[in-house]
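# Residue-level structural notes
The lines below spell out each chain.
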Amino acid sequence: MELHRHPCGFYFSQDFAVFLSEKQRAEAAQHAGEILALDYLRCREGAQAGQAWWQLDWVALHTVPADARYSLGDTEIALSVKTIHGLRHHLVHYADGQVVVKK
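Right, let's walk through the structure included here.

### Considering the pattern of salt bridges
- Scanning all chains against the criterion turns up 1 salt bridge.
- A salt bridge links E27 to K23, with the nearest nitrogen and oxygen atoms 3.0 Å apart. Taken together, the positions of E27 and K23, both in helix 1 (residues 14-27) and 4 residues apart, correspond to about one turn of that helix.

Quick look at the structure:
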């Protein structure tokens, strides 16, 4: 597995970069003026402590500040500060049709 370290402090596999690129290529025409946004949330306390959720969706480009846009491979995506903190020291991978976040 080929891994890349993102300047924000998380790792991503080449498979994930290819997945993003293919998704952007396949759907970009239907999402003019939008950018892919990756959201990741980990619950620290309470009944759901330790559980995590991720979401990849299209958002309006004009709502994403320039400093929240990052390149993963050849794909520009939006990452919130919370997502960056949640992914720090984690690996984002794509395998068997699923996005997987590992510590």
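### Considerations on the side chain of T75
- Within the secondary structure, T75 is located in strand 6 (residues 75-79).
- Judged by its relative accessible area of 0%, T75 is buried.
- In this structure the side chain of T75 is engaged in a polar contact, spanning 3.4 Å, whose partner is the side chain of D74.
- Sequence-distant contacts of T75, that is, excluding residues within four places in its chain, are made with A17, L20, S21, Q24, L36 and Y70.

### Concerning the nonpolar core
- F10, F16 and L20 are the most contacted members of the largest nonpolar core, which has 19 residues in total.
- If you list the elements that add at least two residues to this core, you get helix 1, strand 3 (34-42), strand 4 (52-60), strand 6 and helix 2 (81-87).
- The element that contributes the greatest number of residues to this core is helix 1, accounting for 4 residues.
- Counting 5 residues, the second largest nonpolar core, distinct from the first, contains I35, A37, A68 and A78.

About the thresholds
Residues numbered from 1 in each chain as written. Predicted model: local features only at pLDDT ≥ 70, side-chain atom pairs only at ≥ 80, totals over all residues. Heavy atoms only, no water. Salt bridge = Lys/Arg side-chain N within 4 Å of Asp/Glu carboxyl O. Helix = DSSP H or I, 4+ residues; strand = E, 2+ residues; numbered from the N terminus. Buried < 20%, exposed > 50% of the residue type's maximum accessible area, 1.4 Å probe, protein only. Polar contact = N/O pair within 3.5 Å; in protein donor to acceptor, adjacent residues only side chain to side chain. Contact = heavy atoms within 4.5 Å. Core = buried A, V, L, I, M, F, W, Y, C linked by side-chain atoms within 4.5 Å.

Such coordinate-based values are descriptive only and should not be taken to indicate function.
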